[in-house]
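Listed below, chain by chain, are the residues.
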Amino acid sequence: ETHSLEERFQAYVDAENKVEPKDWMPEKYRKTLIRQISQHAHSEVVGMLPEANWITRAPSLRSKLILLAKVQDEAGHGLYLYSAAETLGADREDMIKDLLSGKAKYSSIFNYPTISWADMGAIGWLVDGAAIANQVMLCRTSYGPYARAMVRICKEESFHQRQGYEIMMQLARGSEEQKAMAQDALNRWWWPSIMMFGPRDEDSPNSAQSMKWKIKRKSNDELRQEFIDKTVPQAEFIGLTIPDPDLKWNEEKGQYDYGEINWEEFYQVIKGNGPCNAQRLAARQKAYDDGKWIREAANAYAEKESKRKAE
Ligand code: ACO
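If you're wondering where the values come from, they're calculated on a predicted model, not measured in any experiment.

Chemist: Any chance you could explain the side chain of Ser 142 here in plain terms?
Modeler: The topology assignment puts Ser 142 in the loop between α6 (118-138) and α7 (144-172). In this structure Ser 142 touches Val 13, Asn 17, Lys 18, Val 19, Tyr 29, Trp 213, Lys 214 and Ile 215, once residues within four positions along its chain are discounted.

Below, the structure is given as C-alpha cells:
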C-alpha cells in the first residue's frame, strides 16, 4: 500500500507528533506557519509601543519597573518568534521589510491609543488575557519550535495579565475619578480585545486547513467564548461593567451570550485604517533606520571574524 507524502504527513500530525525543522512538510504548511509566526512576532514588537508610551509617566517607581520589565519581555517574545520563523527558512530581514511596507499583518489591537494610566491595566488584563487564551492553545501546535517558544511565552504572559488586573483592581477600589478612569479604559478596550481572536469561524479563510494540520487547536470563536466566560466574572469582582448590553449568562449553554462585534471596524483596522496604524509603522520605521549603523557594524565584524578564521 502506498501513501503520498501529504497523507503520511497528515497521519504523523494526527498521531500528535511534532513536526521539526528538517522534516518533510507540505509547502502550504510551511507558508502558513511563516505567515502566522511572523505576524505573531510583529505583534509582539509593535505591541511594545502602546505601553512604552507610559513608561516615563508611570505613577510610582514600582509600577515603572514592572511596566519596563513587561515591555522588555515583549521584545524577547518577538525575538523567539522571529527565530522560530527562521527555522522554516524565512529571512528575518524580509519579514521586517514586509511589516514596514504594510504587506505583513500584526494584531489589530495595537492600533488603538493609550490615553490614560488605566489603559496599562486594561491592556494587561484584557489584551494579555486574550493573548494567553490563544497561546495556551498554541503550546500544543504541531510545529515543534513554535510550540516550545509558546510554553515560555505563556509563563511570562500570565505575569503580564496579573499585573494588568492588579492595576485595574487598584483603580476600581480607589477614588471616584480613579474608578471612572478604569471603567473608561474597559469601555474602550473591551471590543477591540474580543476582535483579537479574528473573524467568526465561518468567515475565517485559514481556519479549516490550520485546524486539520493542528497548527490551530481551537477555533477563533471557541477561544473568544472562553475568554469572555473567564473575563466577565473578573470584571464583576472589581465592580466594573462590560460595555455590552447584550451580554448575559445562557444557562442552557453554560456560557455567556454576547452582542454583535463591529466587523467593519475590525476589517478597517487590519487594512491599515485604524486610529494608530500610521503612527505604529512610522515608529517601527524610525527604529529600523536608527538601527542601521549597528546592523552594518555587526555585519562588518562578522565578515572580519570569518576572514580571520579562514587565514
Ligand atoms: N489582527 C490582525 N489580523 C488578523 C486578526 C487580528 N486580530 N485576526 C485575524 N487576522 C487576519 C489573519 O492573519 C488573516 O490574514 P492573512 O490571511 O492575510 O494573513 C485574516 O485576518 C483571516 O483570519 P483567519 O483566517 O482567522 O487567520 P488565522 O487562521 O491566521 O487566525 C489568529 C488568526 C487567530 C490571530 C492566528 O493567526 C493566531 O493564532 N496567531 C498567533 C497569535 C498572535 O498572532 N497573537 C498576536 C496578538 S497577541 C500578542 O502579541 C501579545
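Chemist: How do you make sense of helix α12 (residues 277-290) when you look at a structure like this?
Modeler: For an α-helix, 3.6 residues make a turn, and residues three or four places apart therefore share a direction. Between its first and last C-alpha atoms α12 spans 20 Å; for 14 residues at 1.5 Å apiece the expected length is 20 Å, and the two agree. Taken residue by residue, α12 has Asn 277, Arg 280 and Tyr 288 as its buried positions. Buried residues in α12, looked at end-on, bunch into an arc of 75°, giving them a common side. In α12, the exposed positions angled more than 90 degrees off the buried face are occupied by Ala 278, Gln 279 and Lys 286.

Chemist: For this particular structure, what's the right way to read helix α1 (residues 5-14)?
Modeler: The complete set of buried residues in α1 reads Phe 9, Gln 10 and Val 13. Angularly, the buried residues of α1 cover 100° about the axis, an arc narrow enough to put them on a single face. Where the residues of α1 are buried, they touch α2 (27-46) and α9 (207-212). Looking one or two places after α1, you find Glu 16, whose phi comes out positive at around 65°.

Chemist: Looking at this structure, I do not really get the site of the ligand. What am I missing?
Modeler: Taken together, 28 residues form the shell around the ligand, and within it Gln 39, Lys 105, Ser 108, Ser 204 and Lys 216 come nearest. One of the backbone N or O atoms of Asn 206 is found 2.9 Å from an oxygen atom in the ligand. Separating an oxygen atom of the ligand from a side-chain N or O atom of Lys 216 is a distance of 2.7 Å. When the free accessible area of the ligand is taken as 960 Å², the share hidden by the protein chains comes to 90%. The element best represented in the shell around the ligand is α2, accounting for six residues.

Chemist: Where do I start with the nonpolar core in this structure?
Modeler: Soluble globular proteins tend to pack their nonpolar side chains together in the buried interior. Judged by nonpolar contacts, the single largest core of 74 residues is most densely connected at Tyr 29, Ile 37, Tyr 143, Met 168, Trp 189 and Trp 190. Those residues in contact with Ile 37 that sit more than four places away from it in its chain are Leu 81, Ala 84, Ala 85, Leu 88, Tyr 143 and Tyr 146.

Chemist: Looking at this model, I keep getting lost on the packing of aromatic side chains. Mind explaining?
Modeler: Two numbers describe a pair of aromatic rings. These are the distance of the centres and the angle of the planes. Enumeration according to the criterion identifies eleven aromatic pairs in this entry. Judged by centre distance (5.6 Å) and plane angle (90°), the ring pair of Tyr 29 and Trp 213 falls under edge-to-face. Of this pair, Tyr 29 sits in helix α2 while Trp 213 is found in the loop between α9 and α10 (220-237), placing the two residues 184 residues apart along the sequence. Each of the two residues, Tyr 29 as well as Trp 213, counts as buried. Lying over the aromatic face of Trp 54, Arg 57 brings its terminal NZ or CZ to 4.0 Å of the ring centre. If you follow Arg 295 out to its NZ or CZ, it ends over the ring of Tyr 288, 3.8 Å from the centre.

Chemist: Looking at this model, I keep getting lost on the environment of Ile 109. Mind explaining?
Modeler: Considering the arrangement of structural elements, one finds Ile 109 in the loop between α5 (92-101) and α6. Counting along the chain gives 165 residues from Ile 109 to Gly 274, while the straight-line C-alpha distance between them is 9.4 Å. In contact with Ile 109, not counting residues within four places along its chain, are Val 127, Trp 189, Pro 192, Ser 193 and Met 196.

The rules behind each value
- Per chain, the residues get numbers from 1 upward, laid out in the order the sequence is written.
- For a predicted model such as this one, the threshold for reporting local features is a pLDDT of at least 70, and the threshold for listing and counting side-chain atom pairs is 80 or more; totals across whole chains, interfaces and linings nevertheless cover every residue.
- Hydrogens and water are ignored here; the side-chain numbers use all heavy atoms of the structure.
- Secondary structure follows DSSP: runs of H or I at least 4 residues long count as helices, runs of E at least 2 residues long count as strands, and numbering of each begins at the N terminus.
- Note on contacts: a residue pair is in contact if any heavy atoms of the two residues lie within 4.5 Å.
- For a helix, the expected span equals 1.5 Å multiplied by the number of residues minus one.
- A 1.4 Å probe rolled over the protein chains alone gives each residue an accessible area, and that area as a share of the maximum for its type sets the label: buried under 20%, exposed over 50%, partly exposed in between.
- Here, the arc refers to the directions that run from the helix axis to the C-beta atoms.
- Only heavy atoms are used to decide nearness, and a residue is near a molecule or strand if one of them lies within 4 Å of it.
- Any pair of N or O atoms that falls within 3.5 Å is considered a polar contact. Within protein, one atom must be able to donate a hydrogen and the other to accept it, and sequence-neighbouring residues count only if both atoms are side-chain atoms.
- Using a 1.4 Å probe, accessible areas were evaluated by the Shrake-Rupley method; residue-level cover was limited to the displayed protein chains.
- As used here, the term nonpolar core means buried Ala, Val, Leu, Ile, Met, Phe, Trp, Tyr and Cys residues forming a set that is joined through side-chain atoms within 4.5 Å.
- Only the six-membered ring of Trp is used, alongside the rings of Phe and Tyr, when aromatic pairs are assigned; centres must lie within 6.5 Å, and planes under 30 degrees apart are stacked while those over 60 apart are edge-to-face, with the rest tilted.
- A ring is considered to have a charge above it if a Lys NZ or an Arg CZ atom is located within 6 Å of its centre and within 35 degrees of its normal.

As far as function goes, none of this settles anything; it's purely spatial.
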